Amino acid sequence: MSAPSVAELPPTRGELAIVGRSNVGKSSLLNALARRKDLAKTSKTPGRTQLLNLFALEGDPATGGSVVDLPGYGFAKVPARVRATWGPMIEGYLLEREGLRATLVLVDGEVGPTALDVQTLEWFEHHGLAHHVIATKHDKVKSSRRDARKKELAAKCGLEPRQVLWVSAASDVNIDELRNRVRGWLA
Ligand code: GDP
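In what follows, the accompanying structure is described. (Residues numbered from 1 in each chain as written. Predicted model: local features only at pLDDT ≥ 70, side-chain atom pairs only at ≥ 80, totals over all residues. Heavy atoms only, no water.)

**With respect to the pattern of salt bridges**
Link 1 in the chain: Tallying each qualifying case throughout the model produces eight salt bridges.
Link 2 in the chain: Residue Arg 21 is joined to Asp 108 by a salt bridge in which the shortest nitrogen-to-oxygen separation is 3.3 Å. Placement of the pair is Arg 21 in the loop between strand E2 (15–19) and helix H1 (26–34) and Asp 108 in strand E5 (residues 100–108), with a sequence separation of 87 residues.
Link 3 in the chain: We classify Arg 21 as buried; its relative accessible area is 14%.
Link 4 in the chain: A salt bridge links Glu 110 to Lys 140; its shortest N-O distance comes to 3.6 Å. One end of the pair, Glu 110, is in the loop between E5 and helix H3 (115–127); the other, Lys 140, is in the loop between strand E6 (132–136) and helix H4 (146–156), and 30 residues separate them in sequence.
Link 5 in the chain: Glu 110 gets classed as partly exposed once you look at its relative accessible area, which sits at 32%.
Link 6 in the chain: Of the residues examined, Lys 140 reaches a relative accessible area of 48% and is grouped as partly exposed.
Link 7 in the chain: Connected through salt bridges with shared partners, the residues Arg 21, Asp 108 and Lys 137 form a single ionic network. (Salt bridge = Lys/Arg side-chain N within 4 Å of Asp/Glu carboxyl O. Helix = DSSP H or I, 4+ residues; strand = E, 2+ residues; numbered from the N terminus. Buried < 20%, exposed > 50% of the residue type's maximum accessible area, 1.4 Å probe, protein only.)

**So, the nonpolar core**
Link 1 in the chain: Core analysis: the largest hydrophobic core is formed by 27 residues, its most contacted members being Leu 52, Leu 70, Tyr 93 and Leu 94.
Link 2 in the chain: Every element with two or more residues in this core is listed here: E2, strand E3 (52–56), helix H2 (80–96), E5, H3, E6 and H4.
Link 3 in the chain: It is H2 that provides the largest number of residues to this core, a total of four residues.
Link 4 in the chain: Beyond its immediate sequence surroundings of up to four residues, Leu 52 is in contact with Met 1, Ser 2, Ala 3, Ser 5, Val 6, Leu 9, Asp 69, Leu 70, Pro 71, Met 89 and Tyr 93. (Core = buried A, V, L, I, M, F, W, Y, C linked by side-chain atoms within 4.5 Å. Contact = heavy atoms within 4.5 Å.)

**Looking at the environment of Gly 112**
Link 1 in the chain: The topology assignment puts Gly 112 in the loop between E5 and H3.
Link 2 in the chain: Owing to a relative accessible area of 6%, Gly 112 belongs among the buried residues under this scheme.

**Let's talk about the sheet that holds strand E1 (residues 2–3)**
Link 1 in the chain: Here we have seven strands laid out as an open sheet, ordered E1-E3-E4-E2-E5-E6-E7, and mixed in their pairing. Both outer strands of the open sheet, E1 and strand E7 (165–166), are each paired with one neighbouring strand and no more.
Link 2 in the chain: As paired strands, E2 and E5 are joined by five bridges and run parallel to one another. Bridge assignment links Leu 16 to a residue of E5, and that residue is Ala 102.
Link 3 in the chain: Strands E2, strand E4 (66–69), E5, E6 and E7 of the sheet are contacted by helix H5 (residues 175–186), whose axis makes an angle of about 155° with E5. (Pairing = 2+ DSSP bridges. Axes fitted to C-alpha atoms, helices over the stretch in contact; angles between N-to-C directions.)

**Re the pairing of E6**
Link 1 in the chain: The buried count for E6 comes to four of five residues, which makes it a mostly enclosed element.
Link 2 in the chain: One crossover worth recording links E5 to the parallel E6 by way of H3, and it is right-handed.
Link 3 in the chain: You can see the chain leave E6, run along H4 and come back into E7, and the turn it takes is right-handed. (Right-handed = clockwise from strand over helix to strand, strands pointing away.)

**Here we look at the pairing of E4**
Link 1 in the chain: Neither face of E4 is exposed, since Ser 66 and Val 68 on one face and Val 67 and Asp 69 on the opposite face are all buried.
Link 2 in the chain: Bridge count for E2 against E4 is four bridges, and the pairing is parallel. Its bridge partner lying in E4, Leu 16 is registered against Val 67.
Link 3 in the chain: The pairing of E3 with E4 spans four bridges and is antiparallel. Along E4, the bridge assignment pairs Phe 55 with Val 67.

Nothing here speaks to function; it is geometry throughout.
Here's what the structure looks like:
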């Protein structure tokens, strides 16, 4: 289901939030985690891109948890008027949501963190909110370049390389590992 504000989301047993700029690979990761092909398609249908989209992790009774796909930030095509409401909505959710157990901040592993990603991470630090940085698109970087890229990406996020999990939804890299971690956080 989709809701325009945190007040309109039903309570859940525990949920995982996914944050990231448009095109970072959020929908692909959500589908991979849920082992579904088109689960996150719903959140991309016109009119829903600015809503909080709540998914039950179906077919995963061990978890029984939910995932909230937050609107992608920094989407240039969106009118400023609409963009102005995103920040407060996302912030309201992250700061007030009772059932929130963990937040993933996605960073594109191919292009590294953008200025907006860094701002987002600073916002988390500022509020003392725990979060996990997940790099995406592992398959898009040559294996010979991966160590250096990961080091660079982590440094720009103010982290050690071991604090970043690098996944690929396309090549199924570290998806099981992430799913296991999510299970732990939602347990
Ligand atoms: P969203 O806007 O953050 O939901 O991003 P999407 O999941 O729609 O992905 C944006 C683009 O990146 C699409 O063209 C995807 O096919 C591509 N993409 C996403 N994840 C991966 C990945 O792990 N590997 C590769 N090669 N491409 C990916």
